[in-house]
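Below are the chains, spelled out letter by letter.
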Amino acid sequence: MQRVVQLVVVLGGVSLLTFLILNLLPGDPGLAVLGDNAPPEALEAFRSQHGLDRALHVRYFDWVSGAVTGDLGTSFRTDQPVLETILDRVPVSLQIVVFAQILALLISVPAAIACVWKPRSWLERTINTSAFATISVPNFLAAYVLILIFAVHLGWLPATGFSRLSNGVVENLRSIALPTVTLALSQFGIYTRVLRSDMVDTLEQDYVTTAYGKGLTNRRILVRHVLRGSLLSLVTVVGVNMGVLLGGAVITETIFAIPGIGRLMIEGIAQRDLMVVQGVVLLAATAYVVLNLIVDVLYTALDPRIELGGQRRA
Amino acid sequence: MHSSLSPSSVTDILEVDDLHVDFELPRGRLHAVRGASFSLGSGESLGIVGESGSGKSVTSRAIMGLLPATTARVKARTLRYGQHDLLDAPERVMRRLRGGEIAMIYQDPMRALNPIMRVGDQVAEAIRAHEPSLGRKELSTRVVGLLDAVRIPDANKRIRLYPHQLSGGMRQRIVIAMALAANPSILIADEPTTSLDVTVQAEILDLLGDLQEERGMGMILVTHDLGVAAWHTNRIMVMYAGRGVEHATTADLFEDMRMPYTRALFDSIPRVDMPPGSLLKSVEGRPVDPSNPPPGCAFRERCHLAVEICGTTAPPRRQVGSHWWDCWDDQEEKSVK
Ligand SMILES: Nc1ncnc2c1ncn2[C@@H]1O[C@H](COP(=O)(O)OP(=O)(O)OP(=O)(O)O)[C@@H](O)[C@H]1O
Ligand SMILES: [Mg+2]
């Protein structure tokens, strides 16, 4: 219940802020859409068609009350319902982000385990170095390097563009391969380090000594006790990251020409399509809040001492 | 008190001779154990008594091979269980011994148990480690059986709980059940009641005593309370600053305490005849700093019988039968001028 109130407050705040910032920004959307030489009558007609001639607070409440019922208004440029445009783009971003998270975790979790399994080994040093490297290399650079190698040089994968699932699974997967790997790389380093650092702490816990005292194998102890006891921070970071990326993996989507949410937002800003930008921000905020909720639920599943709402007992 | 076994009637299954444990820490080397020697016969119960920091837990962990490999340096003339040299047994063998032959009960059951794993699973895992082929059903029967054995009522329901949902006494019973899981020959109980309510302490100690006798296990009962050791052991070794300083059969020790430190520990035992609310006397003074031990006898600074030689030369070991102690006590008379 408390959560629901929180959700309403956050979304209310976000909607108000984006609305104000976008609408108080200088620049006339009409000019942007119709061109600099548009006659004044046309501009006037545009303004009244989209209700821009009304007072600010009237427009805000109009937008919000529409949003509550799922109506995010219509695009200034295409006259399409904003919600429809967004829903068209969501699966594209979602697929890439989810695949990237899965890929990043598939590498990070074993990598972190390897680090605590063989501390001070060449394996740990290699993992550490690559984790550090992927954190320090900017995303766009990684993207260009990948394109250069796999698209230009080897010619295995398309450099840019997106093929919908309806055009065939293989084509679809080929088209998202590079952006997915780019995103996964940028997460891999962070996830590995977060998880490793927690596992090193957990390793010091008395219950891990108890586990060794039972005569369990190293492997079982690392997975059942150390890994299981070290997932909270990782879950938090993954949740936050997902939220951020769903709001638009802007750079990646732009470089690879992926028609996702990030690109939609950039286009909307460039064209001063206020309704689209407002809609995307609101959607991103919702995704963020919902993901946090999911993270909280995962907490209680991961640690029985935590009750929904966040406090940990004894 | 248990009937005391004469030392020759049992064969020693555990032998510790001149055990040293150093910790290499960033701020220097810490000598936690410096020459502890004792042995344990099968079915026998040995008390190791000493105040906080005297190296009791480190000694226990050294036997189990549970000290952190990165910082702890363990040396000994002998550290043997049965035929196994515990100092350089391969990891595979140590794994079989841990839990399977030598099991441990820890000081603080809340921290010894995994907070996010059901207690039943934690017991099951201890059985499985040594009997991997056990079927699921058999396994859960065994778990419930163990919980019954440590007198946990409603075992069927309790196995599904997490440690924080149990009381301190129940948690320690779970830890004991875990230790018994693979029928070990030796139980090392490291201050099993220190973190518990006074009312539960006696229950747990009685339980341990009964289990030890029923199962014919050897037991090392580590405690800082000479009174606790008196009730549950055949022999006692008193430890101070990482060394054994006096050792005797329990009966002999209480008849004739030779080392002043043992006497001081004895005087700090809580007694029934004390007026209610009176403060417990603990051993006066502070323990020595294990990273910088003084020359001579480590207890000298706190000993009111100390004479000059105690500060310069380590005391000799005196021995009468199986009773031994380290002290310059025969110098006393000479020093009184
Ligand atoms: N893992 C460790 N790393 C570094 N020093 C340690 C470690 N474990 C124990 N020590 C040190 O070794 C010394 C002996 O500790 P130990 O835990 O054996 O004492 P104890 O006799 O069990 O006391 P207590 O009654 O408080 O449990 C102490 O000075 C302690 O700080
Ligand atoms: Mg201890």
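Because the structure is a prediction, the values reported are computed rather than measured. (Residues numbered from 1 in each chain as written. Chains lettered and ligands numbered in written order. Predicted model: local features only at pLDDT ≥ 70, side-chain atom pairs only at ≥ 80, totals over all residues. Heavy atoms only, no water.)

Undergrad: Could you clarify how one ought to interpret the sheet that holds strand β3 (residues 45-49) of chain B in this entry?
TA: Residues and elements named next belong to chain B. Pairing is mixed across the open sheet formed by eight strands, whose spatial order is β7-β8-β9-β3-β10-β11-β13-β12. The strands lining the two open edges of the sheet, one partner per strand, are β7 (102-105) and β12 (317-320). Shown here is a sheet whose adjacent strand axes are inclined to one another by a mean of 20°, direction ignored. Bridge count for β3 against strand β9 (residues 218-223) is five bridges, and the pairing is parallel. Directly across from V49, in β9, lies its bridge partner T223. In this fold helix α7 (residues 168-180) packs onto β7 and β8 (186-190), with an angle of close to 175° to the strand it touches most, β7. Against the sheet, helix α11 (residues 260-267) contacts β3, β10 (235-240) and β11 (243-249), and its axis sits at roughly 105° relative to β10. (Pairing = 2+ DSSP bridges. Helix = DSSP H or I, 4+ residues; strand = E, 2+ residues; numbered from the N terminus. Axes fitted to C-alpha atoms, helices over the stretch in contact; angles between N-to-C directions. Contact = heavy atoms within 4.5 Å.)

Undergrad: Looking at this structure, how should I read the coordination of the magnesium ion (ligand 2)?
TA: Four donors placed tetrahedrally about a metal ideally form angles of 109.5 degrees, and six donors placed octahedrally ideally form angles of 90 or 180 degrees. Coordination sphere of the magnesium ion (ligand 2), protein contribution only: B:S57 (OG) and B:Q107 (OE1), at 1.9 to 2.6 Å. Here B:S57 is found in helix α1 (residues 56-64), whereas its partner B:Q107 is found in the loop between β7 and α3 (109-112), with 50 residues between them in sequence. (Donors = N, O, S within 2.8 Å, 3.2 Å for Na, K, Ca; no water.)

Undergrad: I tried to follow the state of the cysteines on my own but got confused; where do I start?
TA: Disulfides are covalent bonds that link the sulfur atoms of two cysteine residues. All names here are of chain B. Taken as a whole, this structure holds zero disulfides over all chains when the rule is applied. Of the cysteine sulfurs around C303, a residue in no disulfide, the closest is that of C327, at 6.3 Å. Under the relative-accessibility criterion, C327 is labelled buried at 11%. (Disulfide = S-S within 2.5 Å. Buried < 20%, exposed > 50% of the residue type's maximum accessible area, 1.4 Å probe, protein only.)

Undergrad: Would you mind going over the interface of chain A and chain B with me for this structure?
TA: Accessible area lost on assembly of the parts is the figure often given for the size of an interface. At the junction of the two partners, chain A supplies 22 residues and chain B supplies 24 residues. A buried area of about 2,100 Å², summed over both sides, lies between chain A and chain B, and 59% of it is on carbon and sulfur atoms. Of all the secondary structure elements, the ones that give two or more residues to the side of chain A that touches chain B are α9 (206-213) and α10 (218-227) of chain A. Among the elements that take part in the side of chain A that touches chain B, α9(A) stands out by supplying six residues, more than any other. Classifying every residue of the side of chain A that touches chain B by side-chain character gives six nonpolar, seven polar and nine charged. (Buried area = accessible area lost by both parts, 1.4 Å probe. Nonpolar A, V, L, I, M, F, W, Y, C, P; charged D, E, K, R; others polar.)

Undergrad: Can you walk me through the pattern of salt bridges in this structure?
TA: If the charged atoms of two oppositely charged side chains come close together, the side chains can form a pair. All names here are of chain A. For the structure shown, the criterion picks out 27 salt bridges over all chains. With its nearest N and O atoms 3.3 Å apart, the salt bridge here joins R54 to D62. Across the salt bridge formed by R174 and E171, the nearest N and O atoms sit 3.5 Å from each other. Here R174 and its partner E171 are both found in helix α8 (residues 169-203), three residues apart, which amounts to about one turn of the helix. Accessibility expressed as a relative area gives 38% for E171, which makes it partly exposed. Overlapping salt bridges, with partners in common, bring together R89, R263 and E267 in one network. (Salt bridge = Lys/Arg side-chain N within 4 Å of Asp/Glu carboxyl O.)

Undergrad: Explain the packing of helix α1 (residues 2-24) of chain A against helix α14 (residues 274-302) of chain A to me, please; I cannot follow it from the model alone.
TA: Helix-helix packing: each pair is described by the crossing angle between the helix axes and the interaxial distance. All names here are of chain A. Close contact between α1 and α14 brings their axes to 10 Å; oriented N to C, the two are set at 155°. Of the possible angle classes, the one that applies to α1 and α14 is roughly antiparallel. Crossing of α1 over α14 shows right-handed handedness. Touching R3, L7, V10, L11, V14, S15, T18, F19, L22 and N23 of α1 are L274, V277, Q278, V281, L282, A285, T286, V289, L293 and D296, all from α14. Counted by class, the contact of α1 with α14 contains 13 nonpolar, five polar and two charged residues. (Parallel < 35°, antiparallel > 145°, perpendicular 65-115°, else oblique. Left-handed = near helix turned anticlockwise from the far one by under 90°.)

Undergrad: Help me understand the domain arrangement of chain A in this model?
TA: Residues and elements named next belong to chain A. Once the domains are mapped, chain A shows domain 1 (2-68) and domain 2 (82-302). Summarising the inter-unit geometry, the C-alpha centres of domain 1 and domain 2 are found 33 Å apart. The partner domain 2 presents 14 residues to the 19 residues of domain 1 that form the contact. Here domain 1 packs against domain 2, burying approximately 1,400 Å² in sum over the two surfaces, 74% of which is carbon and sulfur. Where domain 1 packs against domain 2, one counts zero salt bridges. Connecting domain 1 to domain 2 are one residue pair in polar contact (both at pLDDT 80 or more). When contributions to the side of domain 1 that touches domain 2 are tallied by element, the ones reaching two or more residues are α1, α2 (29-34) and α4 (56-68). (Domains from an automatic or database assignment. Polar contact = N/O pair within 3.5 Å; in protein donor to acceptor, adjacent residues only side chain to side chain.)

Undergrad: Explain the environment of A:G268 here, please?
TA: All names here are of chain A. By the secondary structure assignment, G268 is in helix α13 (residues 261-270). For the pair G268 and Q278, spaced ten residues apart in the sequence, the C-alpha separation amounts to 9.2 Å. What G268 contacts, discounting residues up to four positions off in sequence, is D273 and V277.

Undergrad: Explain the site of ligand 1 to me, please; I cannot follow it from the model alone.
TA: All names here are of chain B. The immediate surroundings of ligand 1 are formed by 16 residues, with S52, G53, S57, V58 and E191 found nearest. Contact between ligand 1 and E191: an oxygen atom at 2.5 Å from a side-chain N or O atom of the residue. Elements with a minimum of two residues in the shell around ligand 1: β1 (12-25), β2 (28-41) and α1. With three residues, the top contributor of residues to the shell around ligand 1 is α1. (Near = heavy atom within 4 Å.)

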